[in-house]
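Residue strings, one per chain:
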Amino acid sequence: MDNALREFIKKRANYCCEYCRMSQDSDILPFQIDHIISLKHHGSSEATNLTLSCYSCNAHKGPNIAGIDVKTGGVTRLFHPRRDQWDKHFLWEGAYLLDSTAIGRTTIDVLSINLLERVELRRTLMAIGISFEA
Ligand SMILES: [Zn+2]
């Protein structure tokens, strides 16, 4: 992956995590380019399979492409930032990210998006006026 592609991915994402919408400016750890469908599962390294991810989301996602929906017990794919519309799967309740779909619910669970330290960081940022809306 060359620097031009990395910069394209960052700009396309407006320098925000495409899973939890944290801004790189608001986070202490450098964001990463994530293979939405991991290389392990034969995903490509083309822009259509790449997304910008905060360290926390990417570390929890790892090579996962699906998870177990805690509500139904069914295997459910993860949110795909290139194919899925964020607002159809997620909504905010204060600093907590809530799901609108099984895909949203499973993604929040696998990526640990509502980990206490992440919620507290979002709460602090929201208190000083930083928005997590698109
Ligand atoms: Zn994130």
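Above this text sits the structure in question.
This write-up is about the structure you can find in this document. (Residues numbered from 1 in each chain as written. Predicted model: local features only at pLDDT ≥ 70, side-chain atom pairs only at ≥ 80, totals over all residues. Heavy atoms only, no water.)

This part takes up the coordination of the zinc ion. In the first shell of the zinc ion, the protein supplies Cys17 (SG), Cys20 (SG), Cys54 (SG) and Cys57 (SG), at 2.3 Å from the metal. Coordination at the zinc ion comes from four donor atoms whose angles at the metal span 102 to 115°, giving a geometry best classed as tetrahedral. Read from N- to C-terminus, the donor residues coordinating the zinc ion fall into the pattern C-x2-C-x33-C-x2-C. Here Cys57 lies in helix 2 (residues 55-61) and Cys20 lies in the loop between helix 1 (3-12) and strand 1 (32-35), a separation of 37 residues in the sequence. Using a relative accessible area of 1% as the deciding quantity, one classes Cys20 as buried. (Donors = N, O, S within 2.8 Å, 3.2 Å for Na, K, Ca; no water. Tetrahedral: all angles 85-135°; square planar, octahedral: opposite > 155°, others 65-115°. Helix = DSSP H or I, 4+ residues; strand = E, 2+ residues; numbered from the N terminus. Buried < 20%, exposed > 50% of the residue type's maximum accessible area, 1.4 Å probe, protein only.)

This brings us to the side chain of Arg122. Relative to the helices and strands, Arg122 resides in helix 5 (residues 116-127). For Arg122, which is buried and forms no salt bridge, the nearest opposite charge comes from Asp27, at a distance of 8.8 Å. Within the structure, Arg122 has its side chain in polar contact with the backbone oxygen of Ile113 (distance 3.0 Å). Residues within four places of Arg122 in sequence aside, it is in contact with Cys20, Met22, Trp92, Ala95, Tyr96, Leu97, Ile113, Asn114 and Phe132. (Lys, Arg positive; Asp, Glu negative; His and termini not counted. Salt bridge = Lys/Arg side-chain N within 4 Å of Asp/Glu carboxyl O. Polar contact = N/O pair within 3.5 Å; in protein donor to acceptor, adjacent residues only side chain to side chain. Contact = heavy atoms within 4.5 Å.)

Bringing helix 4 (residues 102-110) into the picture now. Counting buried residues along helix 4, seven of its nine residues qualify, which places the element largely inside the surrounding structure. When helix 4 is considered as a whole, its buried residues turn out to be Ile103, Gly104, Arg105, Thr106, Thr107, Ile108 and Val110. Against the buried residues of helix 4 lie helix 2, strand 3 (66-68), strand 4 (75-77), helix 3 (86-89), strand 5 (90-93) and strand 6 (96-99). Backbone geometry just after helix 4 places Ser112 at a positive phi near 50°.

Side chains that differ in sign of charge can pair as their charged atoms come close. All chains considered together, the criterion is met by seven salt bridges. For Arg105, the salt bridge goes to Asp69, with nearest N and O atoms at 2.7 Å. Linking Arg105 in helix 4 with Asp69 in the loop between strand 3 and strand 4, this pair joins segments that are 36 residues apart in sequence. Of the two residues examined, Arg105 and Asp69, each falls in the buried class. Ionic pairing is found between Asp84 and Arg77, a salt bridge with its closest N-O pair at 2.7 Å. Here Arg77 falls in the partly exposed class, since its relative accessible area comes to 40%. When salt bridges with common partners are traced through the structure, they connect Asp69, Asp99 and Arg105 into a single cluster.

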